[in-house]
Amino acid sequence: MNQKYMDDSFALHTDLYQINMAETYWEDNMHNRRAVFELYFRKLPFGNGFAVFAGLEKIIEFIKGYRFTESDIEYLRNALGYSDEFLEYLKTIRFTGKIRAMKEGELVFGNEAILQVDAPLAEGQLVETAFLNIVNYQTLIATKAARIKRAAGEQTVMEFGTRRAHEFDAAIWGTRAAYIAGFDATSNVRAGKKFGIPVAGTHAHSLVQAYRDEYKAFHKYARRHKDCTFLVDTYDTLKSGVPTAIKVAKELGKDINFKGIRLDSGDLAYLSKEARKMLDKAGFKETKIVASNDLDEYTISHLKAQGAKIDVWGVGTKVITAFDQPALGAVFKLVKIEDDSGELIDTVKISANPEKVSTPGLKKIYRIINLTNQRSEGDYITLEDENPQEEEKLKMFHPVHTFISKFVTNFEARELHHDIFVDGELVYELPTIQEMQQYVKDNLKLLWDEYKRDMNPEEYPVDLSQKCWDNKMKQLQEVKEKLAAKLGR
Ligand SMILES: Nc1ncnc2c1ncn2[C@@H]1O[C@H](COP(=O)(O)OP(=O)(O)OP(=O)(O)O)[C@@H](O)[C@H]1O
Ligand SMILES: O=P(O)(O)OC[C@H]1O[C@H](OP(=O)(O)OP(=O)(O)O)[C@H](O)[C@@H]1O
Ligand SMILES: O=C(O)c1cccnc1
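- Under an unreviewed UniProt entry, the protein has the name Nicotinate phosphoribosyltransferase and belongs to Ectobacillus funiculus.
- According to its UniProt record, the protein has this under Function (unreviewed entry): "Catalyzes the first step in the biosynthesis of NAD from nicotinic acid, the ATP-dependent synthesis of beta-nicotinate D-ribonucleotide from nicotinate and 5-phospho-D-ribose 1-phosphate."
- Taken from UniProt, the Pathway (unreviewed entry) comment for the protein reads in full: "Cofactor biosynthesis; NAD(+) biosynthesis; nicotinate D-ribonucleotide from nicotinate: step 1/1."

**So, the packing of helix α10 (residues 237-252) against helix α11 (residues 268-281)**
Next up, step 1: It is at 11 Å that the axes of α10 and α11 come closest, and there the two elements cross at 35 degrees. Between α10 and α11 lies a crossing of right-handed hand. Between α10 and α11, the residues in contact are T237, L238, V242, P243 and I246 and Y270, L271, E274, A275, M278 and L279, respectively.
Next up, step 2: Taken together, the residues of the contact of α10 with α11 break down into 9 nonpolar, 1 polar and 1 charged.

**Things to note about helix α5 (residues 121-152)**
Next up, step 1: An ideal rise of 1.5 Å per residue puts 46 Å on 32 residues; α5 measures up with 45 Å between its terminal C-alpha atoms.
Next up, step 2: Along its length, α5 shows its largest kink, about 40 degrees, at E128.
Next up, step 3: Here α5 lies mainly inside the structure; 29 of its 32 residues are buried.
Next up, step 4: Two residues or fewer past α5, G153 is found with a positive phi of approximately 65 degrees.

**Some remarks on the side chain of K336**
Next up, step 1: Along the chain, K336 falls in strand β12 (residues 331-338).
Next up, step 2: A polar contact of 2.9 Å, which involves the side chain of K336, links it to the side chain of D346.
Next up, step 3: Each residue touching K336, except ones within four places of it in the same chain, is listed here: R34, A35, V36, L344, I345, D346, T347, G361 and L362.

**So, the nonpolar core**
Across soluble globular proteins, nonpolar side chains show a tendency to be buried alongside one another.
Next up, step 1: Membership of the largest hydrophobic core comes to 131 residues, with the highest contact counts inside it found for L90, F131, F230 and I261.
Next up, step 2: Ranked by the residues each element gives to this core, the list is headed by α5, at 17 residues.
Next up, step 3: Look past the residues within four positions of F131 in its chain and what remains in contact with it is L39, I59, F62, I63, I99, L115, V117 and F332.
Next up, step 4: If you look at the next biggest cluster of nonpolar residues, it comprises 8 residues, including Y366, I368, Y380 and M396.

**Digging into the sheet that holds strand β18 (residues 411-415)**
Next up, step 1: Read across the sheet, 4 strands follow the order β18-β14-β15-β21 without closing on themselves; strand pairing throughout is mixed. Strands with a single pairing partner mark the edges of an open sheet, and in this sheet they are β18 and β21 (462-464). Neighbour-to-neighbour, the strand axes of this sheet turn through a mean angle of 30 degrees, independent of strand direction.
Next up, step 2: Relative to strand β15 (residues 375-383), helix α14 (residues 433-446) is tilted by about 100 degrees, and along the sheet it contacts β14 (363-370), β15 and β18.

**A short note on the site of ligand 1**
Next up, step 1: Neighbouring ligand 1 are S265, G266, D267, L268, A269, N293, D294, L295, L303 and Q306.
Next up, step 2: Interatomic distance of 2.6 Å between a backbone N/O atom of G266 and an oxygen atom of ligand 1.
Next up, step 3: A distance of 2.9 Å is found between a nitrogen atom of ligand 1 and a side-chain nitrogen or oxygen belonging to Q306.
Next up, step 4: Calculation on ligand 1 without its partners gives an accessible area of 640 Å², and the protein chains cover 54% of this total.
Next up, step 5: Considered class by class, the residues forming the shell around ligand 1 number 4 nonpolar, 4 polar and 2 charged.

**Description of the UniProt feature "domain: Nicotinate phosphoribosyltransferase C-terminal" (unreviewed entry) in the protein**
Next up, step 1: Mapped onto this structure's residue numbering, the UniProt feature "domain: Nicotinate phosphoribosyltransferase C-terminal" (unreviewed entry) falls at residues 363-471.
Next up, step 2: The span residues 363-471 is 22% helix and 37% strand, and its two end C-alpha atoms sit 11 Å from each other.

**Structural notes on helix α2 (residues 56-64)**
Because each turn of an α-helix spans 3.6 residues, side chains separated by three or four positions in sequence point in the same direction.
Next up, step 1: When α2 is considered as a whole, its buried residues turn out to be L56, K58, I59, I60, F62 and I63.
Next up, step 2: In the core, the buried residues of α2 are packed alongside β3 (98-101), β5 (115-120), α5, α6 (168-180), β19 (418-422) and β20 (425-426).

**Focus: the sheet that holds strand β9 (residues 257-263)**
Next up, step 1: The strand order across the open sheet built from 6 strands is β7-β6-β11-β10-β9-β8, with neighbouring strands paired in parallel fashion. Two strands lie at the open edges of the sheet, namely β7 (185-186) and β8 (227-231), each paired on one side alone.
Next up, step 2: Relative to β7, strand β6 (residues 156-159) is paired through 2 bridges, and the arrangement is parallel. Directly across from E159, in β7, lies its bridge partner T186.

**A short note on the UniProt feature "domain: Nicotinate phosphoribosyltransferase N-terminal" (unreviewed entry) in the protein**
Next up, step 1: In this structure's numbering, the residues bearing the UniProt feature "domain: Nicotinate phosphoribosyltransferase N-terminal" (unreviewed entry) are residues 12-136.
Next up, step 2: Here residues 12-136 runs as 44% helix and 17% strand, with 19 Å between its end C-alpha atoms.

**Topic: the packing of α5 against α6**
Next up, step 1: The contact between α5 and α6 brings their axes to 8 Å, and the two run at 45 degrees. On the basis of the axis angle, α5 is oblique to α6. At the point where α5 passes α6, the crossing takes the right-handed sense. Contact with α5, carried on its side by Y137, Q138, I141, A142 and A145, involves A170, W173, G174, R176, A177 and A178 of α6 and no other residues of that element.

**Remarks on unusual backbone geometry**
A negative phi angle is the norm for most residues apart from glycine, just as the trans form is the norm for most peptide bonds.
Next up, step 1: The backbone of E167 sits at a positive phi, close to 85 degrees, despite the residue not being glycine.
Next up, step 2: If you trace the backbone, E167 turns up in the loop between β6 and α6.
Next up, step 3: According to the relative accessible area criterion, E167 is exposed, its value standing at 57%.
Next up, step 4: Even without a glycine there, the phi angle at N456 is positive, about 40 degrees.
Next up, step 5: Mapped onto the elements of the fold, N456 is located in the loop between α15 (449-452) and β21.

**Quick notes on a positive patch on the surface**
Next up, step 1: The grouping of R212, K216, K220, R223, R224 and K226 at the surface amounts to a positive patch.
Next up, step 2: Residue R224 is classed as exposed on the basis of its relative accessible area, which comes to 70%.

**Digging into the packing of aromatic side chains**
Next up, step 1: A complete count under the given rule lists 18 aromatic pairs for this structure.
Next up, step 2: Ring geometry for W26 and F86: centres 5.4 Å apart, planes at 55 degrees, overall tilted. Of this pair, W26 sits in helix α1 (residues 16-27) while F86 sits in helix α4 (residues 84-92), placing them 60 residues apart in sequence.
Next up, step 3: Considering the side-chain rings of W173 and F195, the 4.9 Å spacing of their centres and the 65 degrees angle between planes classify their relative orientation as edge-to-face. In this pair, W173 sits in helix α6 while F195 sits in helix α7 (residues 189-195), placing the two residues 22 residues apart along the sequence.
Next up, step 4: One aromatic cluster is present, built from ring pairs that chain together F37, F62, Y66, F68, F131 and F332.
Next up, step 5: Stacked on the ring of F46, the Lys or Arg K144 has its end atom at 5.2 Å from the ring centre.
Next up, step 6: Here the basic side chain of R176 rests over the ring of F195, its NZ or CZ set 5.5 Å away from the ring centre.

Calculation criteria
Chains are numbered independently. Their residues run from 1 in the order of the written sequence. Each chain is given a letter, starting from A, and each ligand a number, starting from 1, according to the order in which they appear as written. Local features are withheld for residues below a pLDDT of 70 in this predicted model, meaning they are given only at 70 or higher, and side-chain atom pairs are given and counted only at 80 or more; totals for whole chains, interfaces and linings count all residues. Calculation of side-chain values draws on the structure's entire complement of heavy atoms; hydrogens and water are dropped beforehand. UniProt positions are given in the numbering used here, feature names are shortened, and annotations may be inferred rather than shown by experiment. Lines fitted to the C-alpha atoms define the axes, with helices restricted to the stretch that makes contact. Angles between their N-to-C directions range from 0 to 180 degrees. Helix numbers and strand numbers start at the N terminus; a helix is a DSSP run of H or I with at least 4 residues, a strand a run of E with at least 2. Left-handed describes a crossing whose near helix is turned anticlockwise from the far helix through less than a right angle; right-handed describes the clockwise counterpart. Whether two residues are in contact is decided by their heavy atoms, any of which lying within 4.5 Å being enough. Only Asp, Glu, Lys and Arg are considered charged, only Ala, Val, Leu, Ile, Met, Phe, Trp, Tyr, Cys and Pro nonpolar, and every remaining residue, Gly among them, polar. Multiplying 1.5 Å by the helix residue count minus one yields the expected span of that helix. What is called the bend at a residue is the angle between a pair of axes, fitted to the seven residues leading up to and ending at it and to the seven starting from it. To sort residues, take the accessible area from a 1.4 Å probe on protein chains only and compare it with the maximum for the residue type: under 20% means buried, over 50% means exposed, and anything in between is partly exposed. We define a polar contact as two N or O atoms separated by no more than 3.5 Å, with the added condition that, inside protein, one atom must be a possible hydrogen donor and the other a possible acceptor, whereas residues neighbouring each other in sequence contribute only through side-chain atom pairs. Only buried residues count toward a nonpolar core, which is a set of Ala, Val, Leu, Ile, Met, Phe, Trp, Tyr and Cys residues joined through side-chain atoms within 4.5 Å. For two strands to count as paired, DSSP must find a minimum of two bridges between them. Any residue with at least one heavy atom within 4 Å of a molecule or strand is counted as near it. Throughout, the Shrake-Rupley method with a 1.4 Å probe supplies accessible areas, and for residues the shown protein chains are the sole cover considered. Relative orientations are named as follows: roughly parallel for angles under 35 degrees, roughly antiparallel for angles over 145 degrees, roughly perpendicular for angles from 65 to 115 degrees, and oblique for any other angle. Patches here are clusters of residues that have more than 30% relative accessible area and form no salt bridge, with a 9 Å joining cutoff for like charges and a 5 Å cutoff for nonpolar side chains (Val, Leu, Ile, Met, Phe, Trp, Tyr). For salt bridges, the criterion is a side-chain nitrogen of Lys or Arg within 4 Å of an Asp or Glu carboxyl oxygen. Residues scored as charged are limited to Lys and Arg (positive) and Asp and Glu (negative), so that His and the chain ends carry no count. Note that the charge is assigned to NZ on lysines, CZ on arginines, CG on aspartates and CD on glutamates. When two rings of Phe, Tyr or Trp (its six-membered ring) have centres within 6.5 Å they constitute a pair, described as stacked for plane angles under 30 degrees, edge-to-face for angles over 60, and tilted for the intermediate range. Whether a charge lies above a ring is judged from NZ of Lys or CZ of Arg, which has to be within 6 Å of the ring centre and within 35 degrees of the ring normal.

So, in structure tokens, the structure goes:
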């Protein structure tokens, strides 16, 4: 650790280039120009049909405490050589702009803004890295967790991943994301304290190893922990673990609540079926079978297809590390900037790939819910002054393959963005984490199953209004003409 400087703020939790750009804007007196940035990803993770947004609580924390401390300034001066004048300016920076965002637990799709920052240019630029860091991780984990929970269905899923997480923050915020997406409990006690997530757990092999005797270990454990789940695979699951658990439970009778056994190795389908028979035969029909061991949505689905008698799933590594996809690729793009004359103008980023061309303008996003069947018809992005609810018959068309279109009547246009900060002030009250989890459940009901299956789901429509689409085409044309004039063609 660099003992010279206190690690007392998150303002430097940014890429160097953000500070260098802020310096350029400041030097050119552009830093206070109004700028609008949007945060979105282009491609859904895990080949899933939707993502689950998580990260807003941490963004709120970050913005509330946003300032460069004395030690930040000293470091920037001594180690990186920024000028005193620029540092004087940095010292005064607070977030003074507006943030609109989706609620945590919102289902989100490619190419739609999860969050918008409308702020002085330098402020928007300086928060980009932290915002992406937060949203990319938490949304990725929430989405993976939603897939796993969907495979488990109504059964309980416990999050066991802290030991395999990419360090402390990932464990804590990752388990929170997993809970929002539908996990039922976590083994991380700090997450329970910090967020109010239910905590739960069994015991490890070390308990049995410490007593070097399964019977003694279960007995001692149960006397102290009356709601007990015994880990039965330390020596031999069917010959020793399950019979010993049954023996102890019978002996202690009503003194304990024999909640379950946990299987953590071997063929979980076979072992769970055999263990179920043994428990039932002994009269423990209510005792649950918990399984763990590198589980994910695929193993859970396979085990269920094999008729495994598993009631509770303990999932660690694969959820907390988003094992099969290490990153979500959300980006933070400038969509509007004030020009020399004070007018707010659109900016566009061109790409040879039509899906990657940014959509300029200040926009709103609506989820179009068909009131006849209570299912979502898709998301609909408009320019700021439009209100699709006023339309009797809404035309929705694919933004790239425009011939794919439909008309929707009898619908609710639900706006997905909410004011979070206005003029730098927090105006949003976070729902409870339980409300966020319920919000995911309610929103999933709006989606047809075709968008929810874990393999090759249908593409959910994210459409542009005609006005928004026309504006995009106009901007593209203007950029092309400018470029052609410059190149003399
Ligand atoms: N019936 C089954 N069908 C599909 N996958 C299963 C089945 N039973 C177990 N699995 C999974 O297969 C993998 C087995 O991994 P592995 O071979 O490392 O475990 P193990 O040898 O049983 O136990 P240990 O963790 O002690 O090494 C785990 O991911 C487990 O969840
Ligand atoms: O498998 P995961 O989904 O990551 O779930 C967490 C794992 O953590 C524990 O194992 P432990 O760390 O004791 O080591 P093990 O893999 O040898 O069981 C537990 O027994 C699970 O197997
Ligand atoms: O409580 C458990 O069974 C547990 C907790 C963390 C990791 N693996 C299992």
